[in-house]
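# A look at the structure
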Amino acid sequence: MSASAAETAKQVKAPIVRVDMFKNGFAVVTHELAAEAGVAQYIIDGLQNPVHGTLWVQSEEPVTMKFFIRQEIESKQSVMSSRDILDSLIGEWVLIRLMNEEEVDGILRGVTADTQLVILESEDGTLLVKADEIMGLEADRKIKYTENKETKIAKPSILLTTGAVRRNQKITISYLTRGISWAPSYRLDLSDKNKGRLQMKTVVRNEMMSMDNAEFFLISGFPSIKFKDVSSPANANTSWAEFFASISGGSGYSGAPMMQQAMSMSNVAPRSMDMSGSSYAAPDIPSGDYDIHYLPAGRQSLQLNESLVLPLADEKIAYERVVEWNVVDNMDTYGNYLPPGSGPDGIDLQQDVWDAVKFDNPFAFPMTTASISMYQNNAFLGQSQALWTAPGQEVFTRITKAMNVKVDHTESEIPDMRKDVVISNHTYTKTQVKATVSVKNNRGRKDKIIIRRRFSGKLLNADGKPAQTLLPEGATKLNERNQLVWEVELEPGKAAQYPYIYEIVF
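Residues numbered from 1 in each chain as written. Predicted model: local features only at pLDDT ≥ 70, side-chain atom pairs only at ≥ 80, totals over all residues. Heavy atoms only, no water.

### Topic: the overall build of the protein chain
Our working rule: Numbering of helices and strands starts at the N terminus; helices are DSSP runs of H or I of at least 4 residues and strands are runs of E of at least 2. Note on classification: 1.4 Å probe, protein chains only; a residue is buried when its accessible area is under 20% of the maximum for its type, exposed when over 50%, partly exposed between these limits. The contact rule is simple, with two residues in contact once any of their heavy atoms fall within 4.5 Å. Reported accessibility uses the Shrake-Rupley method at a 1.4 Å probe radius. Residues are deemed covered only where the shown protein chains occlude them.
Broken down by element type, the protein chain carries three helices and 31 strands. Taking all 506 residues of the protein chain together, 40% fall into the buried category. Look at the contacts in the protein chain between residues 6 or more apart in sequence, and 74% of them connect residues 24 or more apart. In the form shown here, the protein chain has an accessible surface area of approximately 28,000 Å², with 49% of it arising from carbon and sulfur atoms.

### What about the packing of aromatic side chains?
Quick note on the threshold: Here a pair means two rings of Phe, Tyr or Trp (six-membered ring of Trp) with centres within 6.5 Å. Their orientation is stacked below 30 degrees between planes, edge-to-face above 60, and tilted elsewhere.
One pass over the structure, following the stated rule, counts 11 aromatic pairs. Ring geometry for W486 and Y498: centres 5.7 Å apart, planes at 15 degrees, overall stacked. One end of the pair, W486, is in strand β30 (residues 481–490); the other, Y498, is in strand β31 (residues 495–505), and 12 residues separate them in sequence. Accessibility classification places W486 together with Y498 in one group, the buried group. Summarising the aromatic geometry, the rings of Y500 and Y502 are spaced 6.1 Å apart at their centres and angled 20 degrees between planes, so their arrangement reads as stacked.

### Overview of the nonpolar core
Test applied: Throughout this description, the term nonpolar core refers to a set of buried Ala, Val, Leu, Ile, Met, Phe, Trp, Tyr and Cys residues connected via side-chain atoms within 4.5 Å.
Counting residues in each nonpolar core, the largest one holds 54 residues, and the members touching the most others are L160, F216 and F359. Beyond its immediate chain neighbours, meaning those up to four positions away, F359 contacts L188, L198, I317, A318, Y319, M367, I372, Q393, E394, V395 and T397. Core analysis: the second largest hydrophobic core is formed by 25 residues, V323, V407, L459 and W486 among them.

### Overview of a nonpolar patch on the surface
Definition in use: Like-charged residues are merged into a patch within 9 Å and nonpolar side chains (Val, Leu, Ile, Met, Phe, Trp, Tyr) within 5 Å, provided each residue has over 30% relative accessible area and no salt bridge. Each salt bridge in this description consists of a side-chain nitrogen of Lys or Arg and a carboxyl oxygen of Asp or Glu lying within 4 Å of one another.
A grouping of F227, W240, F244 and I247 is seen on the molecular surface, where their side chains present a nonpolar patch of about 380 Å² in accessible area. Relative to the assigned elements, I247 resides in helix α3 (residues 240–247). A relative accessible area of 35% places I247 in the partly exposed class.

### Description of the pattern of salt bridges
By the definition in use, this model includes 34 salt bridges. Of the charged contacts, one joins K10 and E36 as a salt bridge, the two residues approaching to 2.5 Å between their closest N and O atoms. Pair noted here: K10 is in strand β1 (residues 10–12) and E36 is in the loop between β3 (26–35) and β4 (41–45), with a separation of 26 residues, a long-range link. With a relative accessible area of 32%, K10 lands in the partly exposed category. Residues R445 and D447 are paired through a salt bridge, measuring 3.3 Å at the closest nitrogen-oxygen approach. A relative accessible area of 32% means that R445 is categorised as partly exposed.

### What about the environment of M331?
Inspection of the secondary structure puts M331 in the loop between β19 (307–327) and β20 (352–360). On a C-alpha basis, the gap between M331 and R454 in space is 9.6 Å, while along the polypeptide they are 123 residues apart.

### Concerning α3
Selection criterion: Directions are taken from the helix axis to each C-beta atom, and the arc is the one they span.
Every buried residue belonging to α3 is among E242, F243 and A245, and all of these are buried. Take α3 and look down its axis: the buried residues cluster within an arc of 170 degrees, on one side only. Positive backbone phi, at 100 degrees, marks G249, one or two positions downstream of α3.

### Describing the side chain of T397
Tracing the chain through its elements places T397 in strand β23 (residues 394–401). On the basis of relative accessible area, T397 is assigned to the buried category, the value being 2%. When neighbours within four sequence positions are excluded, T397 is seen to be in contact with L188, A356, V357, F359, I372, M374 and S384.

### Examining the environment of N461
You can see N461 is positioned in strand β28 (residues 458–462). Here N461 is in contact with Y500 and I501, once residues within four sequence places are set aside.

### Observations concerning the confidence of the model for the protein chain
The test is simple: For every residue, the predictor assigns a confidence score, pLDDT, that lies between 0 and 100.
Mean pLDDT over the protein chain works out to 86, with 87% of the residues at or above the 70 mark. Note on residues 251–282: pLDDT under 50 across the span, and 75 contacts to partners over four residues away in sequence or across chains. Throughout residues 344–349 the model reports pLDDT below 50, and contacts reaching past four residues in sequence, or to other chains, amount to seven contacts.

### Brief notes about the sheet that holds strand β10 (residues 125–130)
For clarity, the threshold we go by: Whether two strands pair comes down to DSSP finding at least two bridges between them. Only the contacting stretch of a helix is used when fitting its axis, a line to C-alpha atoms as for every element, and angles between N-to-C directions run 0 to 180 degrees.
The five strands are arranged β10-β9-β8-β7-β11 in an open sheet whose pairing can be described as antiparallel. Of all the strands in the sheet, the pair left with one neighbour each is β10 and β11 (134–139). Neighbour-to-neighbour, the strand axes of the sheet open up by a mean angle of 45 degrees, direction not taken into account. The pairing of strand β7 (residues 93–98) with strand β8 (residues 103–111) spans five bridges and is classified as antiparallel. When the bridges of β8 are listed, W93 appears paired with I107.

### Quick notes on the sheet that holds strand β2 (residues 16–21)
Pairing is mixed in the open sheet, where six strands are placed in the order β5-β13-β3-β2-β16-β18. This sheet does not close on itself; its edge strands, each paired only once, are β5 (56–58) and β18 (292–302). Here the strands of the sheet are splayed against their neighbours by 20 degrees on average, with no regard to which way each runs. Where β3 and strand β13 (residues 169–178) come together, 10 bridges link them in antiparallel fashion.

### Considering unusual backbone geometry
Peptide bonds are, in most cases, trans, and in most cases residues other than glycine have a negative phi. Residues other than glycine seldom take positive phi values, yet E101 does so here, at roughly 70 degrees. When you line up the elements, E101 lands in the loop between β7 and β8. With a phi close to 55 degrees, N213 is a non-glycine residue in the positive phi region. Note on placement: N213 falls in strand β16 (residues 211–221).

The following block contains the structure:
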């Protein structure tokens with residue numbers, strides 16, 4: 001950039017006025033610039049690292065942005081070191097007090113290179129004083145103990161050039177970047193028998209830049225961001241080599257010097273846009289036509305590296321307690337038998353019995369995927385994960401293992417049922433299996449128990465009228481895959497058994 005442009009441009013701040021943040025560390029950040037009538041060029045510092053393709057300017061007139069590195073001299077008063085203070089007194093008379101309470105005086109001639117000895121010239125000759133024995137020092141003149149240090153700082157900056165601005169107006173700059181995000185969580189209180197309370201809060205952490213009175217929106221959903229890991233080539237520290245490596249899926253290289261070349265972009269906003277008002281013309285919130293939701297979180301001030309805990313929602317709910325038992329398929333997707341205990345971490349998933357609750361999302365907005373902790377009279381019961389759930393739809397969450405609900409699942413091949421079958425010129429064996437799910441309620445209360453059994457094979461019959469679902473993952477396999485679901489309410493001490501028979505080919 002030419003020196004004349006830097007000298008004539010007006011240096012201004014473009015504070016952050018809005019942050020639309022996702023849960024993955026990305027956010028759409030909007031800055032606002034107050035453009036003045038008659039001023040055509042502005043220098044702006046403080047914009048972050050935009051993601052490729054997301055940097056846009058909204059203005060009444062065409063705007064050009066030039067990215068460059070600006071050298072700025074920063075002055076700062078700092079306390080001098082003891083060596084620097086002594087050096088500043090060379091040639092001056094000084095009085096030195098020692099640790100043994102003795103005093104010596106003379107003309108300070110210097111400090112040895114190893115800083116171990118201070119050299120004094122007195123009427124009696126030259127004295128060498130150990131520096132680590134000095135307790136205090138006086139001089140004939142005022143001792144200087146601070147100094148002004150100037151350092152050159154390389155600041156990524158923007159030269160923004162407007163068209164013919166005939167009146168004061170607002171110009172907004174927005175882009176997707178990293179550095180600020182939100183982490184939501186839920187608290188479910190189950191203090192009453194069938195009534196509860198669902199609260200939502202979030203932690204917002206700012207690792208981007210300080211902001212004052214910015215409007216926060218919390219985004220839930222799963223948008224497509226194709227180039228989220230690609231920095232815009234407009235960035236002063238992104239070289240073309242790094243850009244092309246990132247956009248093609250490579251990692252680029254590290255240690256590239258800052259680009260000293262300026263890069264420009266232009267933007268023409270719709271002529272019908274009126275942004276001349278004194279307040280920020282915020283973009284619209286999506287109407288709900290897409291499965292992405294913007295939750296307003298108010299205007300917030302947050303300094304760099306600060307975190308904010310925000311309450312978001314609080315509603316009463318009606319819930320239902322259930323016991324969930326999942327009996328997993330003992331065959332993998334290829335038809336191979338899985339022995340008990342071969343599940344994740346060696347756990348026998350047949351015994352995966354849980355206390356759980358069901359309730360409808362009480363909020364006027366979707367529940368997003370987040371942790372959910374359960375309490376009863378402020379006593380912690382357990383923690384699970386809530387998934388995206390539309391308003392009014394059912395939420396199912398586990399609480400703790402149901403240790404006093406005893407379950408059992410048995411299987412055995414029915415004798416004399418084996419026979420050979422030919423499928424696609426391959427010979428297989430077909431047989432029938434009789435299985436039984438058993439459950440007993442050893443608690444002092446009535447419980448609703450949901451039993452889910454997945455298996456590979458063709459169902460022939462089942463007691464207890466379970467709901468049957470044909471699972472899609474078995475469509476191209478030798479055996480179809482099914483799920484049976486029984487729901488039973490058991491009084492204290494009562495038990496239930498449900499036999500079923502299925503046919504399997506192996």
